[in-house]
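Chain residues, written in single-letter form:
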Amino acid sequence: NMPDAHAPEQWEEIYDDLSKPLLVDIGCAKGRWIEHMAAETSVRLELGGKTFNYCGVEIYGPIVEMANARRVGGASAQGNLHYVHANIITSLKSLEL
């Protein structure tokens, strides 16, 4: 299920702090790696003294739906992680990352 060009996300409704740098995981699959990074359980990334927001981009829609459901329903839901269903080749500019 190839996604059409992606409409811009409402980033201000997704992330708690838009001033943080953004780490994008292109082809994130189920999103476990980026979920682990966002939880800062073993590594804490910083740039200019700020931690990151994380965005997983995946072309396969059902996986993205599952990852976002896990993120929202999880006990450790944070305002620094989101998954997007998009074809990065056709949607990078329209995502307005």
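Summary of the structure given here. The structure presented is a predicted model; accordingly, all values stated were derived computationally and were not measured.

1. Regarding the side chain of Asp 25
Mapped onto the secondary structure, Asp 25 falls in strand β1 (residues 22–26). Buried and unpaired, Asp 25 has no salt bridge, with Arg 70 as the nearest side chain of opposite charge at 9.6 Å.

2. Observations regarding helix α2 (residues 32–39)
Of all the residues in α2, the buried ones are Ile 34, Met 37 and Ala 38. Along the long axis of α2, the arc covered by the buried residues comes to 100°, so they all point the same way. On its buried face, α2 sits against β1, β2 (53–58) and β3 (81–85).

3. Here we look at the nonpolar core
Counting residues in each nonpolar core, the largest one holds eleven residues, listed as Leu 23, Cys 28, Ile 34, Met 37, Ala 38, Phe 52, Tyr 54, Val 64, Ala 67, Leu 81 and Tyr 83. Mapped onto this core, the elements with two or more residues apiece are α2, α3 (61–73) and β3. Per element, the largest residue contribution to this core is three residues, and it comes from α2. When neighbours within four sequence positions are excluded, Phe 52 is seen to be in contact with Lys 20, Pro 21, Leu 22, Leu 23, Leu 45, Glu 46, Leu 47 and Asn 80.

4. Some words on the pattern of salt bridges
Applying the stated criterion across every chain yields a total of three salt bridges. Between Glu 35 and Arg 32 there is a salt bridge; the shortest N-O distance is 3.2 Å. With Glu 35 and Arg 32 both in helix α2 and three residues apart, the pair spans about one turn of that helix. Linking Glu 35 and Arg 70 is a salt bridge whose minimum nitrogen-to-oxygen distance equals 3.2 Å. Of this pair, Glu 35 sits in helix α2 while Arg 70 sits in helix α3, placing them 35 residues apart in sequence. For Glu 35, a relative accessible area of 22% corresponds to the partly exposed category.

5. Considering helix α4 (residues 88–95)
Looking at α4, one finds that the buried residues are Ile 88, Ser 91 and Leu 95. Buried residues of α4, viewed axially, fall in a sector of 85°; they line one side. Across α4 from its buried face, at more than 90 degrees, point the exposed residues Ile 89 and Lys 93. Of the surrounding secondary structure, the elements contacted by the buried residues of α4 are α1 (11–14), β1, β2 and β3.

6. Concerning the sheet that holds β2
Strand order across the open sheet formed by three strands is β1-β2-β3, with parallel pairing between neighbours. Each edge of the open sheet carries a strand with a single partner, namely β1 and β3. Neighbouring strand axes in the sheet, compared pairwise and without regard to direction, differ in orientation by 20° on average. Inspection of the sheet shows β2 paired to β3 by five bridges, in the parallel sense. Among the inter-strand pairings, Tyr 54 is bridged to a residue of β3, identified as Leu 81.

How each quantity is defined
- Per chain, residues are indexed from 1 in the order of the written sequence.
- For a predicted model such as this one, the threshold for reporting local features is a pLDDT of at least 70, and the threshold for listing and counting side-chain atom pairs is 80 or more; totals across whole chains, interfaces and linings nevertheless cover every residue.
- Hydrogens and water are ignored here; the side-chain numbers use all heavy atoms of the structure.
- Helix and strand labels come from DSSP, where a helix needs a run of H or I of at least four residues and a strand needs a run of E of at least two; each type is numbered from the N terminus.
- Relative accessibility thresholds used throughout: buried, under 20% of the residue-type maximum; exposed, over 50%; partly exposed, between the two (1.4 Å probe, protein chains only).
- Residues scored as charged are limited to Lys and Arg (positive) and Asp and Glu (negative), so that His and the chain ends carry no count.
- The salt bridge criterion pairs a side-chain nitrogen of Lys or Arg with a carboxyl oxygen of Asp or Glu, the two atoms within 4 Å.
- Here the arc refers to the set of directions running from the helix axis out to each C-beta atom.
- Between two residues, a contact is recorded if the distance between any of their heavy atoms is within 4.5 Å.
- The set of buried Ala, Val, Leu, Ile, Met, Phe, Trp, Tyr and Cys residues whose side-chain atoms join them within 4.5 Å is what this entry labels a nonpolar core.
- The pairing criterion is simple: DSSP has to find at least two bridges between the two strands.
- The axes used here are C-alpha line fits, helices contributing only the stretch in contact, and every angle between their N-to-C directions lies in the interval 0 to 180 degrees.

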